[in-house]
Every structure is written in structure tokens, then in C-alpha cells.
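Each chain, letter by letter, is given below.
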Amino acid sequence: MDIEIYLLIILCGAFSGFIATLAGLGSVLTLYILIEVIGLDGDIANGTNRVGIMAMALMALPTFYRKGHLNFRRSWLIILAIFIGALGGVALAITIDNNDFRIIFKYLLLVMLLLVLTNPKKWIRATNYEHQISKWLLPVFVVMGFYAGFIQAGTGIFLVIFLALVGKYSLIDANGVKLSAFALYTAVCIVVFGWAGKIDWEIGSFLALGQGLGAYIAARFATSYPKANDFVRYLLIAVLVIAIVQMFELYQFLY
């Protein structure tokens, strides 16, 4: 490939890593680039995308942990539930087509946007460490994990919103939990996709370079900026609106 393509992969990876670290839906962009621009088959793109996600999680996690935005004692059951679900999702991902999930996914985006737009005070609060998520809700995280293992795109934004609303996490702390889960199950996904020959390692390496850089910058910003929760909420809204316009092809009405 031309050097311009490699640069595009790195730049898109950096932007994706930044928004995925703070909000989500970064995989929507990377999968689009891998499939529509690079020309990878859907299953190869799905596997290759996991290399960038792993780099993103590993580059951002240390900063979240050092700054006190990741409490494993409070969140380990959630992370474990997501991991268990992801094992089933990745097993399915290497055997069947994932395009049917796009229909469900785009309607879920509408629900997420409505939630984020309502009652801004829910999103700018600090984490309530006295609150414990009911164990009856753990199956919800298993389902999220299954989806994450299967297709990944959208998992981060769903998880952050659910943790903020139900778990009473701050948006920054919710992202710390999200990244921990990503790192754990993505390691397994890479092994499975790699074993099945569904990873383009050359492209994945450049994608990882970009996503790792973007994630590092995002993590430093999120853990240092006093109004980071406000910023993340607005970023969530912007990302959701753009994704909805793209998924529902609303841009056609502009012509």
C-alpha cells in the first residue's frame, strides 16, 4: 500500500483512540476505514480492529489507575461479567456474519442519545462509592460482553452510559472500568482471531500505533482537566449524533 494509506490508518486510529477512550464508537470509524477504504473483508477487519483496541486500552489504563479513576475492588465483578460474555461473542464472531447486528445497533444509538440528553446532572457528578450495583444486573454486563466479543462497535458508549446511570459512576471512572474490561477480553479476542487467520497484522500494527497515541492523550486530558465530565458528556452527544446520521443515512436529505 502507498504511504498515504498508512498515514491515514495512523491518523484515523489516533482520532478513534481519543474518542473511544473518553466516550465510545471509535470502532465505527476504524471498521469503516478498514472495510470501505482499505478493502478488508468484514471478518478480517473485525479481527484487525482488536489489535488497535488492545493498544488503546494498554496506553490509557495506567494513567486512569495512577490518578485514582479505577477501583478494581468495586468493579471486578462487572469486569468479570463482561469478560465471560465476550468469550461467547468472539466464538460466534469467527463463524457467522455480523451485518445483521447493524439494525439493532442503530436503534440502540437513538436510545443512548435520549438518555444522555436528559438530566445533565446525572452525568457531571462524582462517583458514589456508597452505591453498589445489584448482582441481579450482572447478566446485563454479560450481554454487553457478548456483543463486545462479537462486533465491539458501540460497546464502550453503552457501557459508560449504563455505569453512569445505574452504577452511579462518574463518566471518567466509568471509562476506567470500560478500558479494564477492554484489555481483558481483547487479549482473548486477538488470540482467537489470530488463530483463525482473521487479523492483518501489518495494518493492525499501524492502527495500534495511532490508537495507542490517541488513547494516551485522551487519558492524560481526562484525568487532569477539572471539567472532564462535562467535556465527555458533550463528546458523547456529538459522537452519537454523527453515528445516527451515518447509520440512518440522514445525510441523503441534504441533497
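Values in this document were obtained by computation on a predicted structure and should not be read as measured data. (Residues numbered from 1 in each chain as written. Predicted model: local features only at pLDDT ≥ 70, side-chain atom pairs only at ≥ 80, totals over all residues. Heavy atoms only, no water.)

1. Brief notes about the UniProt feature "transmembrane region" (unreviewed entry) in the chain
Then comes step 1: Taking the numbering used here, the UniProt-annotated feature "transmembrane region" (unreviewed entry) corresponds to residues 6-35, 77-96, 103-120, 140-167, 179-197, 203-222 and 234-254.
Then comes step 2: Between the C-alpha atoms that bound residues 6-35 the distance is 14 Å, and the span itself is 90% helix and 0% strand.
Then comes step 3: Between the end C-alpha atoms of residues 203-222 there is a gap of 28 Å, over a span that is 100% helix and 0% strand. (UniProt positions renumbered as here; feature names shortened; annotations may be inferred. Helix = DSSP H or I, 4+ residues; strand = E, 2+ residues; numbered from the N terminus.)

2. Examining the side chain of asparagine 175
Then comes step 1: Among the structural elements, asparagine 175 can be located in helix H8 (residues 171-195).
Then comes step 2: Those residues in contact with asparagine 175, other than ones at most four positions away along the chain, are Thr21, Leu22, Ala23, Phe64, Val160 and Val232. (Contact = heavy atoms within 4.5 Å.)

3. A closer look at the environment of alanine 148
Then comes step 1: For alanine 148, the location among the structural elements is in helix H6 (residues 138-150).
Then comes step 2: Judged by its relative accessible area of 0%, alanine 148 falls in the buried class.
Then comes step 3: Linking alanine 148 and isoleucine 82, residues 66 residues apart in sequence, is a C-alpha distance of 8.2 Å.
Then comes step 4: Residue contacts for alanine 148: discarding those within four places in its chain leaves Arg50, Thr155 and Tyr185. (Buried < 20%, exposed > 50% of the residue type's maximum accessible area, 1.4 Å probe, protein only.)

4. Here we look at empty space enclosed by the protein
Then comes step 1: One pass over the full model with this rule turns up 2 cavities of 30 Å³ or more.
Then comes step 2: Considering only enclosed or pocket space, the largest cavity measures out at about 80 Å³ in volume.
Then comes step 3: Ala20, Gly26, Ser27, Gln152 and Phe182 are the residues nearest the centre of the largest cavity, which is lined by 16 residues in total.
Then comes step 4: Of all elements in the fold, only helix H1 (3-22), helix H2 (26-37), helix H3 (42-66), helix H7 (155-165) and H8 reach the threshold of two or more residues within the lining of the largest cavity.
Then comes step 5: Here the residues of the lining of the largest cavity sort into 6 nonpolar, 9 polar and 1 charged. (1 Å grid on protein atoms, 1.4 Å probe; cavity = no way out; pocket = protein on both sides within 12 Å on 5 of 7 lines; lining within 4 Å. Points joined across faces, edges and corners; volume = space filled by probe spheres on them. Nonpolar A, V, L, I, M, F, W, Y, C, P; charged D, E, K, R; others polar.)

5. Section: a nonpolar patch on the surface
Then comes step 1: A contiguous nonpolar patch, built from Met59, Leu213, Tyr216 and Ile217 and spanning about 360 Å² of accessible area, is present on the exposed surface.
Then comes step 2: Ranked by residues supplied to the nonpolar patch, first place goes to helix H9 (residues 201-222) with 3 residues.
Then comes step 3: The topology assignment puts leucine 213 in helix H9. (Patch = residues over 30% accessible without salt bridge, like charges linked within 9 Å, V, L, I, M, F, W, Y side chains within 5 Å. Areas by Shrake-Rupley, 256 points an atom, 1.4 Å probe, with all protein chains shown as cover. Salt bridge = Lys/Arg side-chain N within 4 Å of Asp/Glu carboxyl O.)

6. A closer look at H2
Then comes step 1: Over its 12 residues, H2 runs 16 Å from end to end, which matches the ideal 16 Å to within 8%, given 1.5 Å per residue.
Then comes step 2: The set of residues buried in H2 consists of Gly26, Ser27, Thr30, Leu31, Ile33 and Leu34. Along the axis of H2, the buried positions cluster into a sector of 155 degrees, meaning they face one direction only.
Then comes step 3: Looking at the buried residues of H2, the elements they touch are H1, H3 and H9.
Then comes step 4: One or two residues past the end of H2 sits glycine 39, with phi positive at roughly 90 degrees. (Expected span 1.5 Å × (residues − 1). Arc of directions from axis to C-beta.)

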